[in-house]
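# Working through the structure, step by step
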Amino acid sequence: MKLASIKSDHRDADLIVVSSDNKKGVHAKHIAKSLREAIENWSTVKPALEDLYRKLNQSQISSPFPIQLETLTAPLPRSFAWIDGSAYIQHIKLVRKARGAPLPETLETIPLIYQGGSDIFLGPYDDIPQEDFSHGTDFEAEVGVIVDDVPMGVSPEKALEHIILFTLINDISLRGLIPEELKRGFGFFQGKPSSSFAPFVVTKEELGEAWKEGRIHLPMLVEFNGKPFGRAQAGEMHFHFGQIIAHAAKTRSLSAGTIIGSGTVSNQDSSLGCSCLAEKRMLEKINTGKITTNFMKIGDQVKIKMLNKAGQNIFGTIKQKVSSC
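Below or above, wherever it landed, is the structure these notes cover. Since the model is a prediction, treat every value here as computed from it, not as a measurement.

Moving on, we get to the overall build of the protein chain. What the protein chain contains, in helices and strands, is 7 helices and 20 strands. A globule of 325 residues ought to have a C-alpha radius of gyration of about 20 Å, and the protein chain, at 19 Å, matches this closely. In terms of overall dimensions, the protein chain has a C-alpha envelope of 60 × 45 × 35 Å along the principal axes. Sequence separation of at least 24 residues holds for 73% of the intrachain contacts in the protein chain that already meet a minimum separation of 6.

Take a look at the structure:
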């Protein structure tokens, strides 16, 4: 099943069901007004949404409308929690090296997570606002999952059962602000502005065999200013999503609608490219001794998507450009 949120006068936007080919949509407000409401009542509304999805794909809906990506918000324009992990060891190594920070002793045994701002998310086609080029605007292509209510102390295996939806994320980072923030010893805030999301969220059935072992085994396709930038394999997570969710729920329950990010998709094989500018810059420094790639400036554009083996664009495309505030 494939769902999205369309702009309306409602703060959480209006829930729509999207056809498997991403071309047609139908309103689902009679089932749930918003995706947030649907997630909070998932066991009740899921069968009705699945029936609507089936009818849409079988051309049994009398008046579907064409999907116009510019009219869509983030699937969840806001949520109660956004928790981002860092499950790709290579990414941690490169960005820590870039800012001269040591690697954690528990790098391979305990997942890194932080809780970001979840009150405002950017839509898939929304501009990335830039106040100052020196802030070091960077994109970060990630996989994300959305959970139902997760009990405190859940095991990694049971945690996987609480995943109900999947998405892609551009976890925007301001690299010029992060090092000084972390030096003060109290974590990210200004260096992590609003993240953006792919147009569609999907259930695991849309992923098929690509979803296994708590990971999506497909490449993350990134373009920067119209040129291929990365195709790293998302399945090479050191920690799977169940482990990240269980770590986040160690001392608290997670409410339905909590979004969990994988962290920037990154592989040890650098020939596959990168999913963020910070990694490319660090690789340039390692390989040539000189950084030649700049962080994003006004007018720069990033595209992020994931295709299945049949070439279908599962989540739709994140397509954003940087604009002045």
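There's more to say after this.
Once their charged atoms are close, side chains differing in charge can pair, the charge on each being opposite to the other. Taken as a whole, this structure holds 16 salt bridges when the rule is applied. A salt bridge links Asp-127 to Lys-321; the nearest nitrogen and oxygen atoms lie 3.1 Å apart. Placement of the pair is Asp-127 in the loop between strand E6 (113–116) and strand E7 (128–130) and Lys-321 in strand E20 (residues 318–324), with a sequence separation of 194 residues. Where Asp-171 meets Lys-192, a salt bridge forms, and the shortest distance between an N and an O atom there is 2.9 Å.

Our focus in this paragraph is helix H2 (residues 42–57). Along its 16 residues, H2 runs 21 Å from first to last C-alpha, staying within 8% of the 22 Å computed at 1.5 Å per residue. Its buried side turned inward, H2 meets strand E1 (2–6), strand E2 (14–18), strand E3 (24–27), helix H1 (35–40) and strand E10 (163–170). Ser-59 sits one or two residues past H2 and shows a positive phi near 60 degrees.

Let us now look at the pairing of E20. The pairing of E7 with E20 spans 3 bridges and is parallel. In the strand pairing of E20, Ile-128 is matched with Val-322.

Another aspect to go through is the nonpolar core. When a protein is soluble and globular, its nonpolar side chains tend to lie buried together. Grouped together as the largest cluster of nonpolar side chains are 58 residues, with contacts concentrated most on Met-306 and Phe-315. A total of 5 residues in this core trace back to one element, the largest contributor, which is helix H6 (residues 241–248).

Quick look at the environment of Ser-63 now. Its location among the elements puts Ser-63 in the loop between H2 and strand E4 (65–66). Classification of Ser-63 as exposed rests on a relative accessible area of 56%. Residues Ser-63 and Thr-106, spaced 43 residues apart in sequence, show a C-alpha to C-alpha distance of 55 Å.

Moving on, we get to the side chain of His-135. In this structure, His-135 sits in the loop between E7 and strand E8 (137–138). Leaving out residues up to four positions away in the same chain, His-135 has contacts with Leu-174, Arg-175, Gly-176 and Leu-177.

Here we take up the sheet that holds strand E17 (residues 227–230). Taken together, the 5 strands give an open sheet; going across it, the order is E7-E20-E19-E16-E17, and neighbouring strands pair in mixed fashion. Edge positions in the sheet fall to E7 and E17, since each of these pairs with one other strand and no more. Neighbour-to-neighbour, the strand axes of the sheet open up by a mean angle of 25 degrees, direction not taken into account. Pairing of strand E16 (residues 221–224) with strand E19 (residues 301–305), which is carried by 4 bridges, proceeds in the antiparallel orientation. Paired with Leu-221 across the bridge in E19 is Lys-305.

Phi is positive for Ala-13, which is not a glycine, with a value near 65 degrees. Considering the arrangement of structural elements, one finds Ala-13 in the loop between E1 and E2. One non-glycine residue with positive phi stands out, namely Asn-225, at about 50 degrees. Note that Asn-225 resides in the loop between E16 and E17.

Conventions we followed
- Residues numbered from 1 in each chain as written.
- Predicted model: local features only at pLDDT ≥ 70, side-chain atom pairs only at ≥ 80, totals over all residues.
- Heavy atoms only, no water.
- Helix = DSSP H or I, 4+ residues; strand = E, 2+ residues; numbered from the N terminus.
- Rg over C-alpha atoms; globule rule 2.2 N^0.38 Å.
- Contact = heavy atoms within 4.5 Å.
- Salt bridge = Lys/Arg side-chain N within 4 Å of Asp/Glu carboxyl O.
- Expected span 1.5 Å × (residues − 1).
- Pairing = 2+ DSSP bridges.
- Core = buried A, V, L, I, M, F, W, Y, C linked by side-chain atoms within 4.5 Å.
- Buried < 20%, exposed > 50% of the residue type's maximum accessible area, 1.4 Å probe, protein only.
- Axes fitted to C-alpha atoms, helices over the stretch in contact; angles between N-to-C directions.

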